[in-house]
Amino acid sequence: MKGKMPYSSLIDKCMKRGRWEMIPITKPYFDEDEVKSLKECLDSGWVTQGPMTERFESLFKEEHPCKYAVSVSSCTAALHIALLALGIGSGDEVIVPAFTWITSASCVEYVGGDVRFVDVEAGTMNIDPEKIEEAITPKTKAIIAVHLFGCPAKMDEIMGIAKKHNLYVVEDCACAIGAAYKGKKVGTIGDVGCFSFHPRKAITTGEGGMCSTNNERLYCKMLQYKNHGANPVKREEGYGKPYYMGVYDEVGYNLRLSDIQAAVGIAQFKKLHLLLEDRKRCAEYYMEKLHGCPHVILPAAPKGFGHTYQSFVILLKSGDREARNRIMVEMQRQGIQTRPGTIAIARTEFNRKKYGLLDGECPMAEFCEDASLTLPIYPFMKPDVQDRVLELICRAMA
């Protein structure tokens, strides 16, 4: 060790040199609550799915009032078992917005179904209800309504269309924990809600997800699919005996959330409203400073839509992808992390090939991908840090 700088001194030196002044696109917020909850879990000796998971599910049901909650390993897993529980399979079609994270569509492929892409609105960047009906065919079985970046989709219109055509509705609430639509929490409006606890979300378990439903049959099927196919209803005479192994009448998966992850989630839930409120404060600061900027379109938050600002995404009015990319590269060079909003999934390589899609089929989704720029946002972000982001963006756009 002789001649080597102590680790603590190295940290101090790097910070003084500014190497650690990068502004991340987001970051989770932890304090002693998570440490305490984790210690409780580890001291119990039960670290797989168990009592902590049950407590986490109970806290979720208090926040998003529903009869049943099923914790899983990710929102991708949640979407997967939701479609399985709904009976979506080969030959069935599911409507998906053309501008969303790729798993909103991939989950349809997992179960052997086909995707029908629908373009999005200019304001909310969510699925455009006016374009849904023209995509419905006799094979259509469900609509996946994504609450993108924490802004609820227009659920009144979507539920009306679904009722008219006898379709299921799956709410992709990956970005929208705590969000409300006209006074009702997202994930409680459609048949199933699917949530994410990835580190970019408002609260996190590292990786993790949740399904919400008020339908007991769907609840039991989702329990079964996440747990190796073990039927939670059909139980033989030996149930409860040490030799009993269960009834496996479906092929299932191992998509369970561990008690270690749930312990973190329990602590995070205590801070949910505080964290959401501060995200809103940060978003309002950006909105105030960028108001009137001729180069950008700001995030829309219609009246009655409780935007949680999981991401703060602006659009360059020009739609110039190369100009947007140059701004992002310059921000990276200056130590500010950014990303496009998300993906125009109708023009990904897989979907182009499978469905024969061409450029221009979902023009607003393509515009949103090309023009979107995600600004750093996280709880307790200081105004001077936001000012640094704003200064660089404005300079680059000018």
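Just so it is clear, the model here is predicted, and its values are computed rather than measured.

Here is what the cut-offs are and how they apply
- Residues numbered from 1 in each chain as written.
- Predicted model: local features only at pLDDT ≥ 70, side-chain atom pairs only at ≥ 80, totals over all residues.
- Heavy atoms only, no water.
- Helix = DSSP H or I, 4+ residues; strand = E, 2+ residues; numbered from the N terminus.
- Rg over C-alpha atoms; globule rule 2.2 N^0.38 Å.
- Buried < 20%, exposed > 50% of the residue type's maximum accessible area, 1.4 Å probe, protein only.
- Contact = heavy atoms within 4.5 Å.
- Areas by Shrake-Rupley, 256 points an atom, 1.4 Å probe, with all protein chains shown as cover.
- Lys, Arg positive; Asp, Glu negative; His and termini not counted.
- Charge placed at Lys NZ, Arg CZ, Asp CG, Glu CD.
- Pairing = 2+ DSSP bridges.
- Axes fitted to C-alpha atoms, helices over the stretch in contact; angles between N-to-C directions.
- Salt bridge = Lys/Arg side-chain N within 4 Å of Asp/Glu carboxyl O.
- 1 Å grid on protein atoms, 1.4 Å probe; cavity = no way out; pocket = protein on both sides within 12 Å on 5 of 7 lines; lining within 4 Å.
- Points joined across faces, edges and corners; volume = space filled by probe spheres on them.
- Nonpolar A, V, L, I, M, F, W, Y, C, P; charged D, E, K, R; others polar.
- Expected span 1.5 Å × (residues − 1).
- Arc of directions from axis to C-beta.
- Patch = residues over 30% accessible without salt bridge, like charges linked within 9 Å, V, L, I, M, F, W, Y side chains within 5 Å.
- Left-handed = near helix turned anticlockwise from the far one by under 90°.
- Phe/Tyr/Trp six-rings, centres within 6.5 Å; stacked < 30°, edge-to-face > 60°.

Caption draft 1: Focus on the overall build of the chain. Helices and strands together make up the secondary structure of the chain, namely 13 helices and 14 strands. A compact globule built from 398 residues would reach a C-alpha radius of gyration of about 21 Å, and the chain, at 22 Å, matches this within 12%. A principal-axis box enclosing the C-alpha atoms of the chain has dimensions of 70 × 65 × 40 Å. Expressed as a percentage of its 398 residues, the buried residues of the chain come to 54%. Counted over contacts in the chain with a minimum sequence separation of 6, partners at least 24 positions apart contribute 70%. If you sum the accessible surface of the chain, you get close to 18,800 Å²; carbon and sulfur atoms cover 53% of it. For the chain, the distance from the average site of its 51 positive side-chain charges to the average site of its 50 negative ones is 4 Å.

Caption draft 2: Summary view of the sheet that holds strand β5 (residues 140-146). The seven strands are arranged β1-β10-β9-β6-β5-β2-β4 in an open sheet whose pairing can be described as mixed. Looking at which strands have only one partner, the edges of the open sheet turn out to be β1 (68-72) and β4 (114-118). On average, each strand axis in the sheet is tilted by 20 degrees relative to the strand beside it, whichever way the strands run. Across the sheet, helix α5 (residues 103-110) lies against β2 (93-97), β4, β5 and β6 (168-173), angled at about 155 degrees from β4, the strand it touches most.

Caption draft 3: Structural detail: the pattern of salt bridges. Within the structure shown, the criterion is met by 25 salt bridges. For E109, the salt bridge goes to K354, with nearest N and O atoms at 2.6 Å. Here the residue E109 occupies a position in helix α5, and K354 occupies one in helix α11 (residues 349-355), the gap between them amounting to 245 residues. Notably, a salt bridge pairs E366 with R347, separated by 4.0 Å at the nearest N-O pair.

Caption draft 4: A look at the environment of D370. With respect to the helices and strands, D370 occurs in helix α12 (residues 363-371). Between the C-alpha atoms of D370 and D278, which are 92 residues apart in sequence, the distance is 29 Å. Setting aside residues no more than four positions away along its own chain, D370 makes contact with G319, D320, R321, R324 and R347.

Caption draft 5: Main features of the sheet that holds strand β12 (residues 312-316). The three strands are arranged β11-β12-β14 in an open sheet whose pairing can be described as antiparallel. Where the open sheet ends on each side, the last strands, each with one partner, are β11 (296-297) and β14 (372-375). Where β12 lies against β14, four bridges are found, and the strand directions are antiparallel. Bridged to V313 within β14 is T374. Where helix α10 (residues 321-333) meets the sheet, it contacts β12 and β14, and its direction lies at approximately 20 degrees from that of β14.

Caption draft 6: Main features of empty space enclosed by the protein. According to the stated counting rule, one finds two cavities of 30 Å³ or more in the structure shown. What lines the largest cavity is G123, T124, M125, F149, C151, P299, A300, H307, S311 and V313. Looking at the lining of the largest cavity residue by residue, the classes come out as six nonpolar, four polar and no charged. Around the second largest cavity sit K27, P28, Y29, K201, A202, I203, T204, Q268, R279 and P379, which together line it. By residue class, the composition of the lining of the second largest cavity is five nonpolar, two polar and three charged.

Caption draft 7: Local environment of helix α3 (residues 51-63). Taking 1.5 Å per residue as the helical rise, α3 with its 13 residues ought to reach 18 Å, and the 19 Å between its terminal C-alpha atoms agrees with that figure. When we look at burial in α3, the residues that qualify are M52, T53, F56, E57, F60 and E63. Projection of α3 onto a plane perpendicular to its axis shows the buried side chains occupying an angular sector of 140 degrees, all on one side. Within α3, the exposed residues directed more than 90 degrees away from the buried face are E54 and E62.

Caption draft 8: Here's a closer look at a nonpolar patch on the surface. Where nonpolar side chains cluster on the molecular surface, the patch consists of Y29, L274 and F380 and spans about 260 Å² of accessible area. Following the sequence through the fold, L274 ends up in helix α9 (residues 272-290).

Caption draft 9: Highlighting the packing of helix α2 (residues 32-44) against helix α8 (residues 259-270). Direction vectors running N to C along α2 and α8 enclose 145 degrees, while the axes themselves pass 8 Å from each other. For the pair α2 and α8, the sense of crossing is right-handed. Residues D33, E34, S37, L38, C41 and L42 of α2 lie in contact with α8, whose contacting residues are D259, I260, A263, V264, I266, A267 and Q268. Grouping the amino acids of the contact of α2 with α8 by side-chain chemistry returns eight nonpolar, two polar and three charged.

Caption draft 10: Structural context of unusual backbone geometry. Within the chain, H228 stands out as a residue other than glycine whose phi angle is a positive 65 degrees. Within the secondary structure layout, H228 lies in the loop between α7 (216-226) and α8. Residue class for H228 comes out partly exposed when judged on its relative accessible area of 39%. Even without a glycine there, the phi angle at F380 is positive, about 65 degrees. Mapped onto the elements of the fold, F380 is located in the loop between β14 and α13 (383-397). You can call F380 partly exposed: its relative accessible area is 35%.

Caption draft 11: Looking closely at the packing of aromatic side chains. Applying the stated criterion across every chain, the model contains 11 aromatic pairs. With a centroid separation of 6.3 Å and an interplanar angle of 75 degrees, the aromatic rings of F99 and F149 are classed as edge-to-face. Of the two residues, F99 is situated in strand β3 (residues 99-100) and F149 in the loop between β5 and α6 (155-165); the sequence distance between them amounts to 50 residues. A single burial state applies to F99 and to F149, both of which are buried. In this structure an aromatic cluster arises from ring pairing among F56, F197 and F269.

None of the figures reported here should be taken as evidence of function without further support.
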